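# Summary of the model geometry
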Amino acid sequence: MTETQPAIRLTALTKEFGAVTAVDHVDLEIAAGEFFSMLGPSGSGKTTVLRLIAGFEQPTGGTVELFGQDVTKRAPFDRDVNTVFQDYALFPHMSVLDNVAYGLRVRGLGRKERNERALRALASVRLEQMAGRKPSQLSGGQRQRVALARATVVQPKVLLLDEPLGALDLKLREQMQVELKEIQRELGITFIFVTHDQEEALTLSDRIAVFNDGRIEQLGTPAELYERPRSRFVADFVGTSNLFDVERSRTILGRDGHHSVRPEKMTVSRGGLDQPGVVDVPGTVVEAIYLGSGVRLVVDLDDGTRVSVLEQNDRDRMHDDERGDRVVVSWHEDDVVPLGIEALPGISG
Ligand code: ADP
Ligand code: MG
């Protein structure tokens, strides 16, 4: 139980539900104090991994270790983790204070100490003024914060959060993202955060595991995943990518294998850039979408490849492009990301 032990270590963790392999031999280490996200489409196994860590499910194979101790066979209450669910699961008949103090009551603490600690937890989410209210008298975002206070008041070493912001509207979600990050930093707890929202994962996380079909497709920092996706799946799921298959990589890029180029790495001009290391490809604008902070141009290159170009709305933009305009799309060779030679089913072009 030294501090150098990872908070979580999963070894060949596997969970089968009948014929479905929800989690498929996952190996993963998460450091103490990390804000770690599991990102992936619906059904990729994220919730099942979380439930295996919490002990709500028993694995078909493999082990779960917490701070170096094998807890695979232990009951949920015997693990130093706590979970925040998407629906918050607050007790409607109890006050906010009693909701937060509940876990301390179960652990047999006296009223004075539990109320003190519950108030402190409420202060950490800036809700101490709401202590006397019932959950029904709070907004969605406030209920979310109560659920967070209730989960942190027992001071778990690891907090598991399963799409905790999924029920909030965009503005509130962005606000709560910032607060979550602050709370995690203040408390120094390891957060394991599940989301299908790539922007949310990129904004919040120290590291991200991208899940696909019960396996980790890629593990890395937000910048690593974004700048160097290793597969078409990751390139396409994390951010937007222009994907070039083997055929188009050969004809347009002069390279073997699959490749991707981010829309913001491409630029559009009338005559091309004609610089060393820069690829210039002529095409025709098929769509120009004004985004306020920028413009998204959809361009059909002359061989028929459709690309998306994101241009900043700054002073360097020399002209307004419109549908039908003849242009040259340019990008630097350094911004071409190799994705290997594998072809994933369901993705073409
Ligand atoms: P995610 O959280 O990434 O959306 P889940 O972990 O919920 O994915 O599900 C992964 C796969 O396991 C899905 O195919 C899902 O249908 C299946 N699954 C999850 N829980 C059960 C269960 N209790 N019984 C049967 N199949 C399940
Ligand atoms: Mg889920």
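Attention in this report is confined to the structure presented alongside it. Bear in mind that the values here come from a model prediction, so they are computed numbers and not experimental data.

Attention now goes to helix 9 (residues 246–253). Side chains of residues three or four places apart in an α-helix project in the same direction, reflecting 3.6 residues per turn. Every buried residue of helix 9 is accounted for by Ser249, Ile252 and Leu253. End-on, the buried residues of helix 9 take up no more than an arc of 90 degrees, which puts them together on one face. Contacts from the buried residues of helix 9 go to strand 11 (242–244), strand 12 (259–261), strand 14 (278–290), strand 15 (294–301) and strand 17 (326–332). After helix 9 finishes, the residue Gly254 shows a positive phi value of roughly 65 degrees.

Turning our eyes to something else, we now look at the packing of helix 4 (residues 140–152) against helix 5 (residues 170–187). Following both chains from N to C, one finds helix 4 and helix 5 inclined at 20 degrees, their axes separated by 11 Å at the closest point. Accordingly, the angle class assigned to the pair helix 4 and helix 5 is roughly parallel. Here helix 4 runs over helix 5; the crossing is right-handed. Residues Gly141, Gln144, Arg145, Leu148 and Thr152 of helix 4 form the contact with helix 5, whose own contacting residues are Leu172, Met176, Glu179, Leu180, Ile183 and Leu187. Looking at side-chain class alone, the contact of helix 4 with helix 5 contains 6 nonpolar, 3 polar and 2 charged residues.

Of note in the backbone geometry, Glu163 takes a positive phi value of approximately 45 degrees without being a glycine. Within the element layout of this structure, Glu163 appears in the loop between strand 7 (158–162) and helix 5. The backbone phi angle of Asp213 is positive, close to 60 degrees, even though this residue is not glycine. Position of Asp213 relative to the elements: it lies in the loop between strand 9 (207–212) and strand 10 (215–220).

As enumerated under the stated definition, the model contains 20 salt bridges in all. Note that Arg145 is salt-bridged to Glu179, the shortest N-O span being 3.5 Å. Highlighted residues: Arg145 in helix 4 and Glu179 in helix 5, separated in sequence by 34 residues. Like Arg145, the residue Glu179 is buried in the burial classification. In this structure, Arg270 and Asp325 form a salt bridge, with 3.3 Å as the shortest nitrogen-oxygen distance. Pair noted here: Arg270 is in the loop between strand 13 (267–269) and strand 14 and Asp325 is in the loop between strand 16 (306–312) and strand 17, with a separation of 55 residues, a long-range link. The class for Arg270 is partly exposed, based on a relative accessible area of 43%.

To continue, consider the packing of aromatic side chains. Tallying each qualifying case throughout the model produces 5 aromatic pairs. Centre to centre, the rings of Phe233 and Phe237 are 5.7 Å apart; their planes meet at 5 degrees, and the pair counts as stacked. Of this pair, Phe233 and Phe237 both sit in helix 8 (residues 232–237), 4 residues apart, roughly one helical turn. Classification of Phe237 by relative accessible area gives partly exposed; the value is 23%. Each residue in the set Phe35, Phe191 and Phe193 is aromatic and connected to the rest through ring pairs, giving one cluster. One Lys or Arg, Lys157, reaches over the ring of Phe67 and ends 5.4 Å from the middle of that ring. Above the plane of the ring of Tyr226 lies Arg262, whose end atom (NZ or CZ) is 3.9 Å from the centre.

Thresholds, definitions, all that
Throughout, a residue's number is its position along its own chain's written sequence, starting from 1. Whichever chain is written first is A, and whichever ligand is written first is 1; the rest continue in order. Only residues with pLDDT of at least 70 are given local features in this predicted model, and only at 80 or more are side-chain atom pairs given and counted; all residues enter the totals for whole chains, interfaces and linings. In computing side-chain values, all of the structure's heavy atoms are included and hydrogens and water are not. Classification of residues uses two cut-offs on accessible area relative to the type maximum, computed with a 1.4 Å probe and protein chains only: under 20% is buried, over 50% is exposed, and between them is partly exposed. Helix numbers and strand numbers start at the N terminus; a helix is a DSSP run of H or I with at least 4 residues, a strand a run of E with at least 2. Here, the arc refers to the directions that run from the helix axis to the C-beta atoms. By definition in these notes, contact holds between two residues if any of their heavy atoms fall within 4.5 Å. To get an axis, fit a line to the C-alpha atoms, keeping to the stretch in contact for a helix; angles then go from 0 to 180 degrees between the N-to-C directions. Angular relationships are summarised with four words: roughly parallel below 35 degrees, roughly antiparallel beyond 145, roughly perpendicular across 65 to 115, and oblique for the angles in between. Should the near helix be turned counterclockwise from the far one by less than a right angle, the crossing is left-handed, whereas a clockwise turn marks it as right-handed. In this classification, the charged set is Asp, Glu, Lys and Arg, the nonpolar set is Ala, Val, Leu, Ile, Met, Phe, Trp, Tyr, Cys and Pro, and all remaining amino acids, among them Gly, are polar. Just to be clear on terms, a salt bridge is a Lys or Arg side-chain nitrogen sitting within 4 Å of an Asp or Glu carboxyl oxygen. Working definition: a ring pair exists when centres of Phe, Tyr or Trp rings (six-membered ring for Trp) sit within 6.5 Å. Plane angles under 30 degrees give stacked, over 60 give edge-to-face, the rest tilted. As a reminder, the over-ring test applies to NZ of lysine and CZ of arginine, requiring each to be within 6 Å of the ring centre and within 35 degrees of the ring normal.

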